[in-house]
Structure formats: structure tokens, C-alpha cells
Amino acid sequence: MNEADAPAIRADVVHRVVASVIAESRAGGGRPVREVINETLFHEKRRLARRSEGGDEERAYYREIRHKLPQTSAIDAESIVSDIVTRYADEISGHFNPSIYRFATGVINPGLTGLLNGLSPKRLFRRRGSLQPWDEMLVRQGEVDKLLKLRERGTILLVPTHSSNLDSILLGAAIERMGLPPFTYGAGLNLFENRIVGYFMHNLGAYTVDRLKTDPLYRRVLKEYSTVVIEYGRHSLFFPGGTRSRSGCVETHLKKGLLGTALDAYRNCAAAGHDRRVFVVPVTINYPLVLEAATLIDDHLQISGRARHIIVDDEFSRLERWAQYARGLFALDMHIYLRFGAAMDPFGNPVDEHGDSLDPQGRVIDPSGYLRRGGEIVEDEQRDREYTRLLAAAIANAFQKNTVACATNVVAYALFSVLRNESSESDLYRFLRSVTPELPTPVDTVLEELRALLEELAYRESEGRIHLGEIVRTKDAELILEHALKRFGAYHTDAAARRDGSFIAVENANLLFYYRNRLDGLGLRGQRSEVPGRISR
Amino acid sequence: MSICLLGSGNWGTTLAHLMACNGHDVKLWCRSRSVRDEINKKHTNRRYTEGFPIHKGVQASNDLRACVDSSDTIIHVIPSKAFREVSRTIAHMLRPDHVIIHATKGLEQGTQKRMSEILCEETCVRQIGVLSGPNIAREILADKPAGTVIATRFPRVAAEAQRLFAGPRFRVYDNSDVVGVEMGGALKNIIAIAGGVIAALELGENARSLLITRGLGEMTRIGMSFGAEAPTFMGLAGMGDLMVTCASPHSRNHRLGRAMAAGTGLEEALASLGMVAEGVNTSRVAHEIATERRVYAPVVEAVYQMVHEDRAPSDVARELMLMEARPDIDL
């Protein structure tokens with residue numbers, strides 16, 4: 001990684017995108033440049049019309065283009081496209097400040113600790129002089145050592161599961177603790193606008209992704225940016241699920257667009273004769289409690305109206321919810337598990353610690369062969385899309401295998417199964433509405449189901465198909481149940497479930513559903529997926 | 001470069017012959033030395049393709065390594081029972097730039113895996129295609145017109161299948177729904193066994209049409225539970241293959257159903273065929289799938305009971321007629 005690369009990266013991005021737009025327009029039957037500009041004008045006008053304040057400069061900019069476009073020559077149109085692409089590239093990389101980037105390594109942990117300690121003075125007092133609380137809370141597992149070795153052999157692309165806006169901050173902290181340089185990644189513009197987290201984003205080597213920009217040209221610049229960054233050897237990170245998992249499920253449907261940049265970068269390097277390896281490393285981030293759980297699950301169930309692609313007014317932007325969350329985490333010594341999966345090449349093959357790709361029999365293979373015909377590297381968009389689809393499947397599979405089941409997930413799953421099996425209501429929505437605290441379930445019934453579930457989970461863990469949090473692995477059902485109920489009660493306004501004498505009462509069925517969904521689709525206890533659109537196997 | 005074909009059975013030999021007719025140099029790998037010698041010297045394969053000469057461009061060999069090394073494209077036509085074992089054996093000979101096209105219609109017992117999944121699990125090859133369709137080997141050897149489907153998501157594989165197989169008497173259509181084409185090819189063999197029963201019991205053309213149509217619905221539902229696309233089952237690898245295999249007296253699964261309906265036991269019926277009837281295996285796997293995934297599939301269940309639980313074909317057929325009728329279109 002070289003900080004001085006930033007201007008060169010931006011220039012490369014602009015050059016490539018403009019060159020490809022022009023080449024397409026000049027090819028027989030290609031798309032005229034003017035059409036590309038008109039498309040930008042259409043999408044940007046629509047976006048700006050929806051904006052209530054600001055944007056005057058942009059409006060004026062596009063107005064001028066619209067005004068002069070009819071009189072421009074083909075050459076002038078090309079220069080307009082170049083100008084638009086440059087603006088997009090500037091905006092994307094605008095938040096990327098090399099001096100802050102260097103400074104970042106020192107600032108994340110103290111910053112985060114300070115913030116949380118500020119919210120929890122008791123904790124600060126008690127722990128003064130001892131380890132930083134994040135270190136105790138954040139458990140790093142999996143193939144961490146291999147990751148450290150691979151950083152020397154090529155470019156690493158971290159692809160984590162996405163449950164909370166805390167994810168990127170926690171990853172930033174973990175990356176720093178592991179002695180790795182900051183990773184480059186695209187963060188939604190809304191995160192920069194969030195007053196709490198914007199501070200961290202600027203310091204994490206983040207570039208900007210404006211998800212409200214629907215212009216295909218913008219998407220193209222964004223993809224190229226991600227590609228070039230990897231080609232320059234900058235370790236990168238993005239969430240392949242796109243947005244935070246609304247249902248609480250571990251993602252199975254991954255966005256192929258950005259993911260494909262791993263292969264694009266690898267192919268570009270190979271075609272230029274460089275053997276620059278790209279390693280894709282799936283990571284699961286497993287929370288016993290999720291800060292934004294209530295908002296996310298309501299959005300999944302579309303309770304608050306139409307489902308929203310971008311949520312800005314959730315728990316993440318409210319200080320008092322942070323405070324409550326942090327207090328809950330510290331008071332109960334909860335662990336957040338960051339589990340690093342096995343690294344793979346852009347084709348989904350495992351790689352060894354030297355960075356060599358392995359076939360299923362463990363033999364070293366040359367991955368550039370996937371791109372060759374008759375010995376030459378050949379471009380083929382459809383082929384590469386298919387490779388990326390296979391990579392996405394391999395990542396989704398790794399997500400499942402590296403899921404760490406927390407006590408809250410396991411208890412929610414068992415309780416949900418009991419209630420679902422007892423209910424005659426087949427429709428999920430009506431079922432969720434029918435679950436109320438007035439109809440509690442005997443503790444013994446829940447325990448019986450929980451024991452059976454734990455047995456199945458232990459077996460699956462022994463086969464390497466899932467992982468269990470420490471409590472779930474080492475304690476018995478009674479303790480796990482108590483442990484989870486305490487945590488449910490520690491943060492959420494309405495607990496997913498609470499004890500009521502010798503019964504368990506569900507206060508918020510949606511939250512119960514959310515926490516059980518982490519284990520959805522695995523066929524545990526013969527239960528079918530409750531989340532639409534998931535295909536098993 | 002020559003083309004390597006694995007498997008010297010009825011369909012493997014036919015595909016090798018077809019490619020040789022199109023001017024390709026084909027290396028056919030087989031285990032048996034006598035089959036190798038017969039193909040190379042007499043240009044026949046009496047056990048599997050009796051009465052038809054094999055094109056001289058087909059060279060048989062027992063040397064697997066030499067066959068694979070001399071080819072960029074492998075045609076894999078090993079029965080489902082040995083498919084994984086052979087795939088594992090060739091794995092260390094394969095390169096990422098290899099293309100594999102398989103033409104095996106079946107599902108793996110125990111794992112319920114499709115053949116292309118096995119290839120992905122055992123080898124480094126990703127550019128994989130599936131050849132499947134209404135293709136009675138004897139008719140193709142007799143140079144009668146036919147069509148088939150190449151299912152793949154890789155353009156290079158589709159083009160390769162066209163180059164190797166397409167000709168004036170053989171059409172190759174492409175489809176990107178690999179799951180649907182593989183499931184169609186595997187599941188129709190079960191319905192074909194039932195088709196043989198209907199023919200032997202002389203239940204008539206109406207009954208056969210009833211079986212084919214309802215059977216197609218079952219195939220579609222089971223396939224969709226794995227992510228297959230419903231329209232694929234209306235194509236050559238679904239409806240097309242099902243029709244021919246339920247009607248043709250040459251179809252092995254159809255012949256097996258006929259023999260069993262006439263009172264012959266499974267082992268004896270299989271022995272009289274002298275080759276693999278994939279529907280026997282597949283009915284067990286499909287029965288498991290339908291039970292686990294709660295897919296409505298009464299014909300699959302009936303064939304499973306007849307083949308694996310020794311129930312009388314006439315009883316099973318009667319029960320099917322007495323079941324509660326569900327909607328006509330029921331996907």
C-alpha cells in the first residue's frame with residue numbers, strides 16, 4: 001500500500017471509464033456518448049428533485065450541460081462525459097485523505113473506547129488502567145494467522161456479514177489490533193452524515209458510496225474505483241450483502257457487482273503480466289444483541305410501511321440507544337465474535353498460507369488458467385459473471401460455516417420452534433401477531449426443545465458446519481436459557497422473551513423472530529426456512 | 001487436440017460416434033480391454049450398440065491419463081454410481097482451463113447431488129456443461145434426426161457443445177438453467193418406469209397421457225425446490241425427454257417397468273437389461289428429497305414403493321387412481 005497512489009488511482013479510474021464509454025460509442029452499433037449523458041441527466045435530475053435542501057451547485061451544473069448538449073459536437077460530448085466521470089470520481093474518493101489515512105491506525109481504538117466509556121462512567125471508573133474494554137469484548141476467531149501471512153502475498157478483500165452499522169467500526173478496530181494497515185472500503189454517504197460515526201468513517205480509509213445515485217455511469221465509476229484500488233494492492237473491504245440484513249439471517253443472496261471487482265482486478269493484473277494475487281476472506285460478525293434489531297426486523301416485516309433501502313433514523317443515530325446498548329454489553333460481559341473464514345481466490349478455490357490456489361484434492365493450481373484459452377488471457381464478461389456467481393455461493397457457504405451461534409440465537413430458535421409447532425396459524429405474519437405475553441410457554445417445554453437443539457448444534461459443530469459461542473458450547477440448557485433471557489432484557493425496550501415464574505413470555509415476537517433467524521435455513525430441528533426467497537442446499 | 005470421452009456404454013459410445021462423424025478426433029476411455037480392442041479393431045461395441053458400426057475416428061484406450069492429457073474438453077458419460085469415483089481419479093490431471101460436458105442423467109445416492117455439483121466438489125474445473133434431451137441412442141446411431149440441450153452458464157462451453165455435436169441430423173439448443181436440465185434428465189427416468197408399467201398392464205393412451213402430465217408436474221416441483229426454473233421442464237430436457245422415454249420401447253427404464261409389471265423381480269429385470277437403469281437409483285433419491293422437502297410427488301412415491309419396497313405394480317397403479325385429486329396446474 002502506498003498513500004501517494006491516491007491521485008494515480010483516481011486518474012486511472014477516470015481514464016478507464018471514459019475510454020470504455022468512448023470505445024463503446026465508436027464501435028459498430030454502439031451507444032452514442034450523447035445517450036450516456038442524457039441518461040446521467042435523467043437520473044441526476046430525478047435524484048435532485050427528491051432532495052429537499054442543498055444541491056444548488058449540482059443543479060446548475062446539469063442545467064448547463066442540458067442547455068449546451070444539443071449544440072455540441074461528438075468530440076465535445078466526449079469531453080462532457082469526461083467531466084462528469086471526473087466529478088463522480090472526485091466525490092467517491094473525496095473523503096479519502098491520505099494524511100488521515102496514516103493517522104487512522106492510532107485513533108480508532110482510543111476513540112471508540114473513549115466514546116463508550118463516556119457513555120458508561122461506572123465502567124470507566126472500575127476498569128481504569130486495565131485493558132481497553134473493546135479488546136475483552138471482541139473475540140477474534142478463525143484463520144487470523146493465515147490472514148496475516150497472506151497480506152504479504154497479495155491483496156486481501158474482506159467480505160463480512162452485515163448486521164449493524166457498528167460492523168465497520170468493529171472491523172476497523174480488529175484490523176488495527178491485528179497489526180494490519182487500514183482497509184479501504186466504500187461507506188454509504190448516510191454514514192458520513194451521521195454525527196457519531198462520520199468521525200470514524202473519515203479515519204478508516206473509506207471512500208463514499210451514494211446509494212441514492214442511480215445513474216449507471218456512477219455505478220460504473222464506483223465499480224472501477226473498487227477494481228483499481230485492489231489492483232494497486234490496497235487491502236479492501238465491502239459488505240457483499242449490500243445493506244444490513246433486515247431479517248437477521250446470515251446473508252445468502254450476495255451482490256455480484258462489487259464482488260466481481262476482485263476478479264476484474266485479478267484479470268487486469270494477469271493480462272498485464274503481473275502475478276498479483278487477490279484473496280477473498282469471508283468474515284462473520286456475531287452479536288448477542290444487535291443495536292438496530294428492532295428497526296431492522298420491523299422493516300423486514302414492513303410494519304412501518306414500505307420497506308426502505310436506506311434507513312437513516314434508526315438506533316444508530318440516537319445517542320441514548322447507544323448508551324443503553326453499551327451499558328448492556330459491558331454490564332453483562334457480552335462477547336461479539338468476529339470469525340475469519342478460510343481465504344479463497346476470486347474463483348472460490350481455497351488458498352494455502354503461501355497464497356497458492358488449491359483444487360478440491362489439495363493440489364496447487366494456477367488460477368489464471370480460468371481466464372486462459374490457448375494459453376492467452378481472454379476477456380469474457382459472461383464467463384467472469386459466472387465465476388463471480390460461484391464465488392458468491394462459496395462466500396455464502398463460508399458465512400454459514402463460520403456463523404457463531406450465541407445464546408440469544410439458540411434460545412430464540414428453540415422458543416420460536418415450540419410456538420410455531422403449537423400454532424395452527426400457517427401465515428407467518430398472523431402467527432407473529434398471535435404471539436403475546438398473555439400466552440406464555442412452560443419453561444420445561446422450552447428446555448426440552450433447547451436440549452434437543454443443542455445436541456444437534458454440537459454435532460454440526462463437530463462436523464465444522466457451524467460454530468458455537470462459549471456459553472452455548474460449555475453450559476447446560478438451564479444456564480443458557482437464563483443467560484439469554486438476561487441479555488434480551490438488558491437492552492431492548494420490549495424483551496424478545498422474559499421469564500414469568502415457571503413460564504417464558506414473549507414480549508416482542510418480531511425480535512424473537514429476528515434473533516432466531518440467525519440460524520434460519522439450516523434445517524435445524526427439521527424446521528423450514530421462515531424467510532421468503534431462500535433456497536436450501 | 002482430440003476430445004476425451006469417458007465411458008464406453010450405450011450413450012457414451014453413441015456420443016463418441018456422433019463427434020467422430022462431425023470430423024473430430026475422439027479418444028474413448030474404457031476399463032475393459034476387450035471393449036477397447038473391439039472398438040479399435042472391429043469398430044463395433046456389440047454389448048451396447050449392437051448392429052451399428054462405430055466411426056473409425058473413435059479410438060478406444062485404457063490409459064486414462066493419456067486420454068485426458070491430450071484433450072482440452074472432456075465428455076463425461078460415467079453412470080451416476082461411479083461418477084464421483086471417476087471424477088476424483090481424473091481430478092489431478094485437470095487444469096482450470098479444461099471444459100467438461102457431462103451426459104449422465106442421475107442423482108447421487110446418499111448426498112442427492114447432481115453430477116455437475118460432484119464435478120465442482122471433486123475437480124478444479126468450473127467451465128461445466130450438461131448434455132440432456134430426448135435421445136434414444138439407437139435412433140441417433142441410425143442417423144435419424146434428433147435434438148438435445150446443452151445447459152451451461154459459460155458461453156465457451158455452449159459453443160464447444162455446438163462444435164462437437166451439432167450436425168445436419170442433430171440439433172443442440174442451449175439453456176442456462178443447469179439445475180433444471182439436470183433435474184429433468186434425472187427425474188424423467190422414474191416416470192419412465194411407471195410408463196413401462198402402464199404399457200405392460202395395457203392401461204391405454206389416456207392413462208399414459210395422465211402419467212406424463214402429472215409426472216411432469218412432480219419433476220417441476222422437485223426441481224424448483226432446488227432452484228430450477230419451471231419453463232425448463234417444458235423444453236427438450238423436460239417434456240421432450242419425458243415423452244420419448246415413456247413411449248419408446250427402447251428406453252431402458254421403460255423396459256424395466258414393463259418387466260416388473262409382468263411379474264419379474266428387480267434384480268432379474270435389471271440383469272435382463274444388461275445395462276444400468278438410472279431410474280432405479282433416482283427413485284430412491286427422489287423419494288428422500290420429496291419427503292424431506294415436503295414436495296407433493298405421488299408417482300415418484302409409487303415407483304419407489306414398487307421398485308424398492310416390493311409392492312405389486314397393479315396395486316400401486318390402483319392406489320394412484322384413488323388418491324384425492326389436486327388442482328390441474330399445481331406448481
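Residues numbered from 1 in each chain as written. Chains lettered and ligands numbered in written order. Predicted model: local features only at pLDDT ≥ 70, side-chain atom pairs only at ≥ 80, totals over all residues. Heavy atoms only, no water.

What follows concerns the overall build of chain B. The secondary structure content of chain B amounts to 15 helices and eight strands. For 331 residues, the compact-globule estimate of 2.2 N^0.38 gives 20 Å, and the C-alpha radius of gyration of chain B, at 19 Å, lies within 12% of that figure. Overall size of chain B, expressed as C-alpha extent along the three principal axes, is 60 × 40 × 35 Å. For chain B, the proportion of contacts with a sequence separation of at least 24, taken over those separated by at least 6, is 72%. In the structure as shown, chain B presents an accessible area of about 13,400 Å², 51% of it carried by carbon and sulfur atoms. Charged side chains in chain B number 38 positive and 37 negative. The centres of these two groups are separated by 5 Å. (Helix = DSSP H or I, 4+ residues; strand = E, 2+ residues; numbered from the N terminus. Rg over C-alpha atoms; globule rule 2.2 N^0.38 Å. Contact = heavy atoms within 4.5 Å. Areas by Shrake-Rupley, 256 points an atom, 1.4 Å probe, with all protein chains shown as cover. Lys, Arg positive; Asp, Glu negative; His and termini not counted. Charge placed at Lys NZ, Arg CZ, Asp CG, Glu CD.)

The partner chain A presents 24 residues to the 28 residues of chain B that form the contact. Of the roughly 2,100 Å² buried where chain B meets chain A, counting both sides, 51% is carbon and sulfur surface. The largest contributions to the chain B side of the interface with chain A come from Pro 96, Arg 126 and Arg 153 of chain B, which together make up 28% of the buried area. Put simply, chain B and chain A have one salt bridge between them. Taking the shortest distance from any N to any O, the salt bridge between Glu 386 of chain A and Arg 153 of chain B comes out at 3.6 Å. Linking chain B with chain A are eight residue pairs in polar contact (both at pLDDT 80 or more), by the criterion used here. Among the secondary structure elements, those contributing two or more residues to the side of chain B that touches chain A are helix 4 (80-91), helix 5 (115-122) and helix 7 (155-165) of chain B. (Buried area = accessible area lost by both parts, 1.4 Å probe. Salt bridge = Lys/Arg side-chain N within 4 Å of Asp/Glu carboxyl O. Polar contact = N/O pair within 3.5 Å; in protein donor to acceptor, adjacent residues only side chain to side chain.)

All right, on to helix 2 (residues 33-42) of chain B then. Residue and element names in this part refer to chain B. All of the buried residues in helix 2 are Val 35, Glu 38 and Ile 39. The buried residues of helix 2 all sit within an arc of 95° when viewed along its axis, so they share a single face. Of the residues in helix 2, the exposed ones pointing more than 90 degrees away from the buried face are Arg 33, Ser 34 and Lys 41. The secondary structure elements touched by the buried residues of helix 2 are strand 2 (26-29) and strand 3 (58-61). (Buried < 20%, exposed > 50% of the residue type's maximum accessible area, 1.4 Å probe, protein only. Arc of directions from axis to C-beta.)

Attention now goes to the confidence of the model for chain A. Residues and elements named next belong to chain A. In the predicted model, chain A carries a mean pLDDT of 86, and the fraction of residues at 70 or more is 86%. Throughout residues 98-107 the model reports pLDDT below 50, and contacts reaching past four residues in sequence, or to other chains, amount to 18 contacts. Low pLDDT, under 50, characterises residues 117-131; the stretch is placed with 16 contacts to residues that sit more than four places away or in other chains. (pLDDT = per-residue confidence, 0-100.)

Further remarks concern the environment of Asp 145 of chain A. Mapped onto the elements of the fold, Asp 145 of chain A is located in helix 8 (residues 144-150). Placed 33 residues apart in sequence, Asp 145 of chain A and Met 178 of chain A show a C-alpha to C-alpha distance of 9.3 Å.

Here the focus is the domain arrangement of chain B. Residues and elements named next belong to chain B. The domains assigned to chain B are domain 1 (2-176) and domain 2 (180-322). The centre of domain 1, based on its C-alpha atoms, is set 25 Å off from the matching centre of domain 2. At the interface, 30 residues of domain 1 touch 29 residues of domain 2. Between domain 1 and domain 2 the total buried area reaches about 2,400 Å² when both faces are included, carbon and sulfur atoms providing 60% of it. Sorting the residues of domain 1 by area buried against domain 2 places Lys 105, Leu 107 and Gln 112 first, and these three jointly supply 28% of that buried surface. Across the domain 1-domain 2 interface, the total number found is two salt bridges. Arg 114 is the salt-bridge partner of Glu 182, the closest N and O atoms lying 2.7 Å from each other. The interface formed by domain 1 and domain 2 contains 11 residue pairs in polar contact (both at pLDDT 80 or more). Mapped by element, the contributors of at least two residues to the side of domain 1 that touches domain 2 are helix 1 (10-21), helix 4, helix 5, strand 6 (127-132), strand 7 (146-151) and strand 8 (170-175). (Domains from an automatic or database assignment.)

What follows covers the packing of helix 17 (residues 407-422) of chain A against helix 21 (residues 477-491) of chain A. Residue and element names in this part refer to chain A. Their axes nearest at 8 Å, the elements helix 17 and helix 21 cross at an angle of 100°. With respect to helix 21, the axis of helix 17 lies roughly perpendicular. Here Ala 407, Thr 408, Val 411 and Ala 412 of helix 17 lie close against helix 21, whose contacting residues are Ile 480, Leu 481, His 483, Ala 484, Arg 487 and Phe 488. (Axes fitted to C-alpha atoms, helices over the stretch in contact; angles between N-to-C directions. Parallel < 35°, antiparallel > 145°, perpendicular 65-115°, else oblique.)

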